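One-letter residues, chain by chain:
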Amino acid sequence: MQEKVVVRDVLWEDFGLLAKNFLSYYDEMKENPDLGILVGGKKPKMTEEIDWFSAFYKRLLEGDAVASVAEVGGKVVGMCDINRTVLREDVKHRGLLGIAILKEYRGRGIGTMLVTSCIKKAKGKFEIIMLSAFENNRPAMRLYEKCGFKEYGVGKKFIKRNEHYIDEHFYCLEI
Ligand SMILES: CC(C)(COP(=O)(O)OP(=O)(O)OC[C@H]1O[C@@H](n2cnc3c(N)ncnc32)[C@H](O)[C@@H]1OP(=O)(O)O)[C@@H](O)C(=O)NCCC(=O)NCCS
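Since the structure is predicted, the reported quantities are computational estimates derived from the model, not experimental observations. All residue numbers here refer to positions counted from 1 along the written sequence of the relevant chain. Predicted model: local features are reported for residues with pLDDT of at least 70 only, side-chain atom pairs are reported and counted for 80 or more only, and whole-chain, interface and lining totals are derived from all residues. Only hydrogens and water are removed before side-chain values are computed, so all heavy atoms of the structure are retained for them.

Enquirer: Just to check I follow, could you spell out the nonpolar core for this structure?
Expert: Side chains that are nonpolar tend, in soluble globular proteins, to be buried together. The biggest cluster of nonpolar side chains holds 36 residues, and the ones touching the most others in it are Leu97, Ile99, Ile110, Val115, Tyr144 and Phe149. Strands here are runs of E lasting at least two residues and helices are runs of H or I lasting at least four, both read from the DSSP assignment and numbered beginning at the N terminus. Put simply, the parts of the chain that give this core at least two residues each are α1 (15-31), β2 (65-72), β3 (75-83), β4 (94-101), α3 (110-122), β5 (128-134), α4 (138-146) and β7 (164-174). Considering each element in turn, this core owes the most residues, six residues, to α3. It only takes one pair of heavy atoms within 4.5 Å for two residues to be counted as in contact. Leave out the neighbours within four places in its chain, and Val115 touches Cys80, Leu97, Ile99, Leu143, Cys147 and Phe149. We call a set of buried residues a nonpolar core when its members are Ala, Val, Leu, Ile, Met, Phe, Trp, Tyr or Cys and they connect through side-chain atoms within 4.5 Å of each other. Note on exposure labels: buried denotes an accessible area under 20% of the residue type's maximum, exposed denotes more than 50%, and partly exposed covers the range between, all computed with a 1.4 Å probe on protein chains only.

Here is the structure:
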């Protein structure tokens, strides 16, 4: 029997596990160079993770972000967040969604639970949710389409990783 999944708000105490999970995606990228998330060049230092989490937590408190984590057996295994990335008046109704789940917990509905939870929380705070997916990220595209996102364009060769190009598919959802 699969363990129960609990989807809940992000807590300040989640920092340690969230940072550990994020850093693990750098290791995963070594095995899978096409991993569909933008993690940047070098693995960040813990001090950079602290800065990121503090800024993110402040956005949550100020209503400029919403997020949910999934917990299995007391362990945080994934997170989805929607952030107001630009605070200018004419675009602040948009939020950018990001999601990642630890490899061993994928494909069992956790992504769907997290995106659904974040869309619910975003209502009243955002009007449009935007995101993008790499062309080869089938699970992500299926997840977004299933949650109602519509594809509105493709950035040909928008990603260049290890001298190899990947198209980026853009999606949005009006809520
Ligand atoms: C993308 C990601 C968040 C999806 O989360 P998940 O928990 O695996 O998704 P779910 O189990 O809820 O599945 C969502 C849908 O995708 C489908 N799916 C899952 N794995 C799949 C695969 N390998 N190929 C095709 N479809 C797949 C599921 O069947 C489901 O559709 P269905 O309900 O019609 O059957 C997860 O794979 C992940 O963290 N990947 C690495 C990071 C990443 O790519 N983030 C997204 C950046 S855009």
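There is more to say after this.
Enquirer: Sorry if this is basic, but what is going on with the sheet that holds β3 here?
Expert: Two strands in a sheet stick together by hydrogen bonds in their backbones, pointing the same way (parallel) or opposite ways (antiparallel). As summarised here, the arrangement of the seven strands in space is β1-β2-β3-β4-β5-β7-β6, forming an open sheet in which the pairing is mixed. Each edge of the open sheet is held by one strand with a lone partner, namely β1 (5-8) and β6 (150-161). Averaged over neighbouring strand pairs, the angle between their axes works out to 25 degrees when direction is ignored. Strand pairing is assigned whenever DSSP detects at least two bridges linking the two strands. Two strands pair when backbone bridges link them, and β5 and β7 are joined in this way by seven bridges, in the antiparallel orientation. Counted as the bridge partner of Ala133 is His169 from β7. Note on geometry: axes are C-alpha line fits, over the in-contact stretch for helices, and angles between N-to-C directions span 0 to 180 degrees.

Enquirer: Explain the packing of aromatic side chains here, please?
Expert: Each aromatic ring pair is described using two quantities: the centre-to-centre distance and the angle formed by the ring planes. Note on ring pairs: Phe, Tyr and Trp rings are taken, using the six-membered ring of Trp, and paired if centres are within 6.5 Å. Classes follow the plane angle, with under 30 degrees stacked, over 60 edge-to-face and the rest tilted. Throughout the structure, instances matching the rule amount to twelve aromatic pairs. For the pair Trp12 and Tyr57, a centre-to-centre distance of 5.1 Å together with 70 degrees between the ring planes defines the contact as edge-to-face. Of the two residues, Trp12 sits in the loop between β1 and α1 while Tyr57 sits in helix α2 (residues 46-62), which places them 45 residues apart along the sequence. Residue Trp12 is classed as partly exposed on the basis of its relative accessible area of 46%. On the basis of relative accessibility, which here comes to 18%, the residue Tyr57 falls in the buried class. Members of the aromatic cluster, each reached through a chain of ring pairs, are Trp12, Phe15, Trp52, Phe53, Phe56 and Tyr57.

Enquirer: Looking at this model, I keep getting lost on the pattern of salt bridges. Mind explaining?
Expert: Between side chains of opposite charge, pairing is possible as soon as their charged atoms come close. Throughout this description, the term salt bridge denotes a Lys or Arg side-chain nitrogen within 4 Å of a carboxyl oxygen of Asp or Glu. Inspection of the entire model under this criterion finds twelve salt bridges. Linking Glu62 and Lys58 is a salt bridge whose minimum nitrogen-to-oxygen distance equals 3.8 Å. Within this pair, Glu62 and its partner Lys58 are both found in helix α2, separated by four residues, close to a single helical turn. Between Arg84 and Asp64 there is a salt bridge, and its shortest N-O distance comes to 2.6 Å. With Arg84 in the loop between β3 and β4 and Asp64 in the loop between α2 and β2, this pair connects stretches of sequence that are 20 residues apart.

Enquirer: How do you make sense of unusual backbone geometry when you look at a structure like this?
Expert: What is expected of a backbone is that most residues other than glycine have negative phi and most peptide bonds are trans. Unlike most non-glycine residues, Lys157 shows phi in positive territory, near 60 degrees. As for its position among the elements, Lys157 is in strand β6. With phi around 65 degrees, Glu163 is a residue other than glycine that occupies positive phi space. Examined against the element boundaries, Glu163 turns out to sit in the loop between β6 and β7. Assessed through its relative accessible area of 65%, Glu163 is described here as exposed.

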